Amino acid sequence: TSLPGQAFPDTLIESAPRGCDPLVLTQRSKLQQRRAKLNQQINRELRLRTGAENLYRATTNQKVKETVSLELSFVNSNLQLLKEELEELNSSMEVYQTESEKVNVPMIPLGLKETKEIDMTIPLQDFISEHYGEDASLYMSEVKEFMDLRQAMRTPSRNDAGLELLMEYYNQLYFLDQRFFAPHRTLGVHFHWYDSLTGVPSCQRALAFEKGSVLFNIGALYTQIGARQDRSTLPGIQNAIDAFQRAAGAFLYLQENFSHAPSLDMSSPALSMLVRLMVAQVQECICERVTLTMEENDLMSNLQAAQESARVSDVYSLVLQAMSVPLLKDYVPFSWLSVVQVKTQHFRALAHYYTAAALCDCSGECTFYTLCLQEPEDRLRLGKGHLRKAIIRHEEALRLHGVCKMLRKMDILQEVLSYAHTRSLEKYSDIDQEDDFCEIAEAPEIQSHTYQKPDIKTPDFSSVRVTDIFHRLGPLSLFCARNRWVGRRLCLVRGEAGLGLTLRGDSPVLVAGVLPEGCAAEAGLHEGDYIVAVNGSDCRWAEHAEVVHVLKGCSERGVELDVITLLTNEKRAASLSPSSDRETVTQQRQGGDSDRGSTSLLNWSWRSGGGGRVTKRLGSTFSLPFGSLRESESMY
């Protein structure tokens, strides 16, 4: 919903790409806009501080040093206030929670990384002119399409359409990397991204930094989608489980495939912590599903709920350890630490509560312990022991909740903790008898166990099919930034023995052989050349049969060919070109035309380094799994 009294032009709203909501001011997008504004202010203060520090080191005037020192103190104070405000925004978990009236324990979502708008028009045009030898003005529509996609990616909607938008841009970055980023040359574009938690800016020329940041936002968006699910219903719980598992997969993929991150949120310790956090939230959802479907007075249901709750407590204790490593202990928001500590205590208390309920309220043999408890008095005494431990844990959770300023503002969490504490007190009061002078048994800790282990799901980039925006430059196997070639134009005239050349493959057609002293050899055609145009008509994407048909139908004046020759690795490039099983020899003998068969191979595949099979249809919409095409990418 938009702000009261604020209207936006219908044409602007309709022009926004699917999955992008730059104008619709929901609570989450307003939070994102405030975060972006804070990031800009922090960036400005950092520049002021850098300038002041340089002046302080450069000057020898004592009075100037005192003035600069005073200015630095003001700048540092402003920076501290801005960072605290940003931390408070990043800790605003309540905004991302479900709007359902049912009470659920809040989850921890991540805010998206912000990025500055960049203009890649000039660098892309220069590269097209210099490397591809093309008129860059003819590719303005492609450049604009890519820039519009990047602009839309900055403000994705919080749903599946927003995820598809981010994945579409991520997939396009693969093609951009192949087309414009040569191994020993930079494009001259700087990618600016802000740390998702601190707002500290980072700037890199490596495209891997852009790809890694987009991948981080895919994971962060999954956390927001998972947190907003209504977990009071089974479908809502399943949707939350799926979202958090996919978020864990995105962060794990980022950790395993990218290195040397310039920002702390994408460092290996931070990503490892985020993976553990997402797994813990999946485990929490699994426990909620067990308690939602359990029968209140059923022995096995209560025992299962106890073990699941203990499991949740254990995994959150592991998250707490990951947050406490030296690199992260001052980086992770205090509210996150507090929530994890609260949940560790809360779910351990629930484990004791459900065990007490099984002992005191349910009939049947309780084989939860090594000793089979049958006597009601023994079960009652042990149940009271578990309730006492539950009450102690509940009180500790409430204490930790009261310590954190941000958590005190979360009424939902306060309500959940208070309800659980009151329920344990009431049950203890119900079973406590004034004339019971038996000593309360010491309750052991609950052995954790889960009936469904979290399944980390790696991002499925192939689910979003994209077309290379710059496909008009030619097939990517040949026309890429890593290849260099020379082009020339020649005129091929048919002789008495025909044209004297052998063609093979498609898109583009390869000159597989040239007859010595034939017409093609005299015209200057060489084995290994690629035909990219015939009589001025572009045939880089042409099929084998199309080129053969045009050459066979040439007039007595001959045919004009535009060909290119690779400067390096000609054999390797030729082997990448899709080849047909049978060669076509375009010749004309005295007895007439002789065509020894023609096969156009449109589908081709190769094995990637990771053993995955990649299939591509030339000139059509296709998808590529990017996980195994290359080794770990460095973001510096």
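Being a predicted model, the structure only gives us computed values, none of them experimental. (Residues numbered from 1 in each chain as written. Predicted model: local features only at pLDDT ≥ 70, side-chain atom pairs only at ≥ 80, totals over all residues. Heavy atoms only, no water.)

Engineer: Outline the layout of surface pockets, listing residues and values.
Structural biologist: Here the largest pocket is characterised by a volume of approximately 900 Å³. As for the largest pocket, its lining consists of 27 residues, and the residues nearest its centre are Thr291, Leu292, Tyr354, Tyr419 and Arg423. Of all the elements in the fold, those that place two or more residues in the lining of the largest pocket are helix H9 (268–293), helix H11 (334–361) and helix H14 (411–431). In terms of residues, the lining of the largest pocket owes the most to one element, H11, which gives seven residues. Among the residues forming the lining of the largest pocket, the class breakdown is 13 nonpolar, six polar and eight charged. (1 Å grid on protein atoms, 1.4 Å probe; cavity = no way out; pocket = protein on both sides within 12 Å on 5 of 7 lines; lining within 4 Å. Points joined across faces, edges and corners; volume = space filled by probe spheres on them. Helix = DSSP H or I, 4+ residues; strand = E, 2+ residues; numbered from the N terminus. Nonpolar A, V, L, I, M, F, W, Y, C, P; charged D, E, K, R; others polar.)

Engineer: Hey, could you go over helix H8 (residues 234–257) for me, with residue numbers and the actual values?
Structural biologist: Compared with the 34 Å implied by 1.5 Å per residue over 24 residues, the 34 Å span of H8 between its first and last C-alpha is a close match. Two or three places before Gly236, at the start of H8, stands the capping residue Thr233, its side-chain oxygen 3.2 Å from that residue's backbone nitrogen. (Expected span 1.5 Å × (residues − 1). Polar contact = N/O pair within 3.5 Å; in protein donor to acceptor, adjacent residues only side chain to side chain.)

Engineer: An account of the pattern of salt bridges is requested, with residue identities and associated values reported.
Structural biologist: Applying the stated rule across the entire model yields 23 salt bridges. With its nearest N and O atoms 2.7 Å apart, the salt bridge here joins Arg540 to Glu134. Placement of Arg540 in the loop between strand E8 (537–538) and helix H16 (544–552) and of Glu134 in the loop between helix H4 (121–131) and helix H5 (140–153) is noted, with a sequence separation of 406 residues between them. For Arg540, a relative accessible area of 9% puts it in the buried group. Across the salt bridge formed by Arg399 and Glu396, the nearest N and O atoms sit 2.8 Å from each other. One end of the pair is Arg399 and the other is Glu396, both in helix H12 (residues 376–403) and three residues apart, which spans about a single turn. According to the relative accessible area criterion, Glu396 is partly exposed, its value standing at 27%. In the salt-bridge network here, residues are joined through shared partners; they are Asp314, Arg348, Lys389, Arg393, Glu442 and Glu445. (Salt bridge = Lys/Arg side-chain N within 4 Å of Asp/Glu carboxyl O. Buried < 20%, exposed > 50% of the residue type's maximum accessible area, 1.4 Å probe, protein only.)

Engineer: Could you give an account of the environment of Asn61, naming the residues involved and the relevant values?
Structural biologist: By the secondary structure assignment, Asn61 is in the loop between helix H2 (27–58) and helix H3 (62–90). Within polar-contact distance, the side chain of Asn61 engages the backbone nitrogen of Lys63 at 2.9 Å.

Engineer: Help me get a handle on the side chain of Gln224, residues and values and all.
Structural biologist: Along the chain, Gln224 turns up in helix H7 (residues 207–227). Here Arg158 takes part through its side chain, which lies 2.9 Å from a polar atom of the side chain of Gln224.

Engineer: Break down the confidence of the model for the chain for me, citing the residues and quoting the values.
Structural biologist: Confidence in the prediction of the chain, expressed as mean pLDDT, is 81, and 79% of residues score 70 or more. Taken as a whole, residues 570–630 scores under 50 in pLDDT and shows 126 contacts with residues more than four places along the chain or in a different chain. (pLDDT = per-residue confidence, 0-100. Contact = heavy atoms within 4.5 Å.)

Engineer: Quick rundown of empty space enclosed by the protein? Include the residues and the values.
Structural biologist: Evaluated as defined, the whole model comprises two cavities of 30 Å³ or more. Here the second largest cavity is characterised by a volume of approximately 40 Å³. Around the second largest cavity, the lining residues are Leu110, Ser196, Leu197, Phe216, Asp265, Ala270, Met273, Leu274, Tyr331 and Trp336. For the lining of the second largest cavity, the element with the most residues is H9, which contributes three residues. Taken together, the residues that form the lining of the second largest cavity break down as eight nonpolar, one polar and one charged.

Engineer: Could you give an account of the packing of helix H6 (residues 160–180) against H7, naming the residues involved and the relevant values?
Structural biologist: At a closest axis distance of 10 Å, the pairing of H6 and H7 adopts a crossing angle of 165 degrees. In terms of orientation, H6 and H7 fall into the roughly antiparallel class. H6 and H7 meet at a crossing whose hand is left-handed. Judged by residue contacts, Gly162, Leu163, Leu166, Met167, Tyr169, Tyr170, Leu173, Leu176 and Asp177 of H6 engage Leu207, Glu210, Lys211, Val214, Leu215, Asn217, Ile218, Leu221, Tyr222 and Ile225 from H7. Across the contact of H6 with H7, the residue classes break down as 14 nonpolar, two polar and three charged. (Axes fitted to C-alpha atoms, helices over the stretch in contact; angles between N-to-C directions. Parallel < 35°, antiparallel > 145°, perpendicular 65-115°, else oblique. Left-handed = near helix turned anticlockwise from the far one by under 90°.)

Engineer: How would you summarise the side chain of Glu288 if you had to cite specific residues and measurements?
Structural biologist: For Glu288, the position within the fold is in helix H9. In this structure Glu288 touches Val105, Arg231 and Ile237, once residues within four positions along its chain are discounted.

Engineer: So what about the packing of aromatic side chains? Which residues, and what values?
Structural biologist: Counted by the stated rule, this structure contains 12 aromatic pairs. A ring pair is formed by Tyr174 and Phe175, whose centres lie 5.3 Å apart and whose planes are at 70 degrees; its orientation type is edge-to-face. A residue is classified by how much of its surface remains accessible, and Tyr174, at 12% relative accessible area, is buried. Note on Phe175: relative accessible area 2%, which makes it buried. Seen from their ring centres, Tyr253 and Phe461 are 5.7 Å apart, and the 65 degrees between their planes marks the pair as edge-to-face. (Phe/Tyr/Trp six-rings, centres within 6.5 Å; stacked < 30°, edge-to-face > 60°.)

Engineer: I'd love a proper account of the environment of Arg393, names of residues and values included.
Structural biologist: Inspection of the secondary structure assignment puts Arg393 in helix H12. Judged by its relative accessible area of 24%, Arg393 falls in the partly exposed class. Note: C-alpha distance between Arg393 and His346 (47 residues apart in sequence) is 6.5 Å. Residues in contact with Arg393, not counting those within four places in the same chain, are Gln345, Arg348, Ala349 and Glu445.

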